[in-house]
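Topology and contacts: notes
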Amino acid sequence: MASVRARRVRLAAIVSVVALSAGALAAGRWQYKPSAAERQALAAISAASLQGRMSFLSADALEGRASGSTALDVAAEYIAAEFRRAGLKPAGDEGYFQTTPRVRLTPTAEGYRCRLAVDGGAVDVEPGRFALLTVPFSSSVAVREIRIEDAPVVKVPFGGPHPEKLEEAARAVVITELPAPPAEAAERAAFVARRSAFVSRLAALKPALVVEIRRDASRRIDYFASREVIDPKFKGKETPVLPTVVLSDATSAAVYDSMRPGPTGARFTVRLAVPVEADAPQRNVIGLLHGSDAKLAGTYVLLSAHYDGQGTRAGPDRIWNSANDNGSGTVTVIELASALASLKTPPRRSIVFIAFHGEESGLVGSRFYAEHPVFPLERTVAGINIEMIGRTDDADGNQRRRASLTGFDYSELGEVFRQAGLQTGVTVFKHEKNSDRYFNASDNRPLAAQGVPAHTICVAFQPPDYHGPADTWQKIDFENMAVTVRMIGTALLTIAQSQAEPRWNSSVPQAGRYLEAWKKRHPADGGGAAVPAR
Ligand SMILES: [Zn+2]
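Residues numbered from 1 in each chain as written. Predicted model: local features only at pLDDT ≥ 70, side-chain atom pairs only at ≥ 80, totals over all residues. Heavy atoms only, no water.

1. Considerations on the packing of aromatic side chains
Aromatic ring pairs are reported here in terms of the distance separating the ring centres and the angle at which the planes meet. Per the stated rule, a full pass over the model turns up 15 aromatic pairs. Ring geometry for Phe158 and Phe198: centres 5.0 Å apart, planes at 80°, overall edge-to-face. Separated by 40 residues along the polypeptide, Phe158 in the loop between β7 (146-155) and β8 (173-176) and Phe198 in helix α5 (residues 185-204) bring together distant segments of the chain. Take Phe158: its relative accessible area is 19%, and that puts it in the buried class. Ring pairs connect the aromatic residues Tyr112, Phe130, Tyr223 and Phe224, which therefore count as one cluster. The aromatic ring of Tyr256 is capped on one face by Lys155, whose charged end is 4.0 Å from the ring centroid. Geometry around Trp320 places Arg313 over its ring, the cationic atom sitting 4.0 Å from the centre. (Phe/Tyr/Trp six-rings, centres within 6.5 Å; stacked < 30°, edge-to-face > 60°. Helix = DSSP H or I, 4+ residues; strand = E, 2+ residues; numbered from the N terminus. Buried < 20%, exposed > 50% of the residue type's maximum accessible area, 1.4 Å probe, protein only. Lys NZ or Arg CZ within 6 Å of the ring centre and 35° of its normal.)

2. Overview of the coordination of the zinc ion
The zinc ion binds to the protein through His306 (NE2), Asp325 (OD) and Glu387 (OE), with metal-donor distances spanning 2.0 to 2.2 Å. As a motif over one chain, the donors of the zinc ion read H-x18-D-x61-E. Pair noted here: His306 is in strand β15 (residues 300-306) and Glu387 is in the loop between β17 (380-386) and β18 (393-394), with a separation of 81 residues, a long-range link. Judged on exposure class, the residue His306 and its partner Glu387 are both buried. (Donors = N, O, S within 2.8 Å, 3.2 Å for Na, K, Ca; no water.)

3. Some thoughts on the side chain of Ser498
With respect to the helices and strands, Ser498 occurs in the loop between α12 (478-497) and β23 (504-505). Exposure remark for Ser498: the relative accessible area of 12% places this residue in the buried category. Among the polar contacts made by the side chain of Ser498, one reaches the main-chain amide nitrogen of Ala500 at a distance of 2.9 Å. Apart from the residues lying within four places of it in its own chain, the contact partners of Ser498 are Trp30, Leu296, Arg348 and Arg349. (Polar contact = N/O pair within 3.5 Å; in protein donor to acceptor, adjacent residues only side chain to side chain. Contact = heavy atoms within 4.5 Å.)

Written out as structure tokens, the structure reads:
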């Protein structure tokens, strides 16, 4: 026993020595002191300049930069104009624009009817209280006509008696009410599991439609106010899942309360025309700063942020300005493009500045780029994506002079940023809860999936007003943001000036699939994995 123990101790000592020297090696490799000219260029990034640009991008006139809106086109033109002013080379298929074909669906109330008929009366649901959930392609808009006439209504309460099968299932409509998710995060997972089990049991009954009663005003959705933008390949396709009509009027709720579980004798009618379709191409904005080193200029570092926002909603505060999410990232891309393009000698590697569209509708722009890369992905050495770096008032406490990188220890980018933070007075750290959780939540993801070491840098993961109407530029901490932008610029320069390429970390299991994707792209290069960084 004793000897085994002694051996174990010795082994542990050896392992820690190896880890230490590997850590020192990784740190040395990513220590970069910007030149005097670079420091000067970064120092010119001011709070006032950031504020000026962001107050435009998140002005009410830009309507929250909704996907498919004219306001989003104005934002794209603005970003392109700034790239042009900085002197970046246009790198889209049409000037600075890389176009993703999309189709906008605008619901029409023409011929609309939604009626719940009971003994001796009927409720006609007004358009603003009606919604449709189809979720086929993350769209809530029907892509075909919906017509159900006088269908028998069966009530199936959540947690109540559940029928084994439905009479006239193909014609019948199930009416139910789903409870709102609990506020307590700890209880949410179990609740969501219970609710989705209930929904699959409903689907197994194979009704023509589900009618959901929704009383909570804050969860009300308005079908006719929705403006979905979909992939043209889904045009006219049938919805693969159970369509659900959501009724949020008080009268329908009262009728629901008066019904007994099981067949009710009530009848349901819904008529909905196909929405009006229009081509609505969406655009990534891409500019190139060509590298100064004859050899390294053929390799690329991406600096990206999504420029789309939350758009508008029904309600008194109609415009969700989307300043922090993600005017802050967009402005950072513009500022760093201007700063680095002003250098007499540009960095050695080429830098690709990208503003992505469609992040909020499912990473649409970044997926499109990953599938149609302008510059070869095997020579794209890293991707730095920026999200929400303007607000410092986080649920976790104030985040001044702090920033987190998602997937912090998945690749050497964590060390690159930690070092850049040391240079600029910002603590860049692994957020115990959120760094891993948010790795897949932004535009770095499609690139990482292709093997490019790509992460997202963020200051506050959950500030107040997140995805809400009050995400306005007046709440941004511009002084801190200027410091953060210089830190990001330093990290960008570190990679763009380095002979070394950042590697995925082979000792972190979560990074395994990205490392595999990297290896597939670099068959000539054996390992490709970094030694553990710490
Ligand atoms: Zn965002």
